[in-house]
Amino acid sequence: MRIPTAADVSNVVNTAIRVRDRLAAMDAGKMATRAVGGAVVLTASFLVVANPHATPTPDPSAVVASRIAPVGSVQIGGPITASAVE
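Residues numbered from 1 in each chain as written. Predicted model: local features only at pLDDT ≥ 70, side-chain atom pairs only at ≥ 80, totals over all residues. Heavy atoms only, no water.

**Regarding the overall build of the chain**
The helix and strand inventory of the chain stands at four helices and zero strands. Listing the helices and strands of the chain from first to last along the sequence gives α-α-α-α. Against the 2.2 N^0.38 benchmark of 12 Å for 86 residues, the chain shows a C-alpha radius of gyration of 32 Å, more extended than a compact globule. For the chain, the spread of C-alpha atoms along the principal axes amounts to about 75 × 55 × 20 Å. Relative to its 86 residues, the chain shows a buried fraction of 0%. Here the chain displays about 8200 Å² of accessible surface, and carbon together with sulfur accounts for 67% of that area. Taking the average location of the 7 positive side-chain charges in the chain and that of its 5 negative ones, the two points are 17 Å from each other. (Helix = DSSP H or I, 4+ residues; strand = E, 2+ residues; numbered from the N terminus. Rg over C-alpha atoms; globule rule 2.2 N^0.38 Å. Buried < 20%, exposed > 50% of the residue type's maximum accessible area, 1.4 Å probe, protein only. Areas by Shrake-Rupley, 256 points an atom, 1.4 Å probe, with all protein chains shown as cover. Lys, Arg positive; Asp, Glu negative; His and termini not counted. Charge placed at Lys NZ, Arg CZ, Asp CG, Glu CD.)

**A word on the pattern of salt bridges**
Going through the model one piece at a time under the given rule, you end up with two salt bridges. Between Arg 20 and Asp 21 there is a salt bridge, and its shortest N-O distance comes to 3.9 Å. The class for Asp 21 is partly exposed, based on a relative accessible area of 43%. (Salt bridge = Lys/Arg side-chain N within 4 Å of Asp/Glu carboxyl O.)

**A few points about a nonpolar patch on the surface**
A contiguous nonpolar surface patch, about 360 Å² in accessible area, is contributed by Val 19, Leu 23, Met 26 and Met 31. Counting through the fold element by element, Met 26 comes out in the loop between helix 1 (6-25) and helix 2 (28-50). A residue is classified by how much of its surface remains accessible, and Met 26, at 40% relative accessible area, is partly exposed. (Patch = residues over 30% accessible without salt bridge, like charges linked within 9 Å, V, L, I, M, F, W, Y side chains within 5 Å.)

Right, dumping it as structure tokens:
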């Protein structure tokens, strides 16, 4: 592991100062308006592309039968006795 030098620490501090200044300069109302506008655009595009009110096509009966077919079977043996455990 490398020990950070004074230049590395200075770069991190300068970056933190730039980020703080940029956050301080942001207008909360403008950011909220952009976020709501983006959500409206994404929702509208989803409704146009996905077409949630379309009637779904039913699965063919062979597909339904394969989904509900049994996977395997379980067989129960005799009771376990103490001699079998040892």
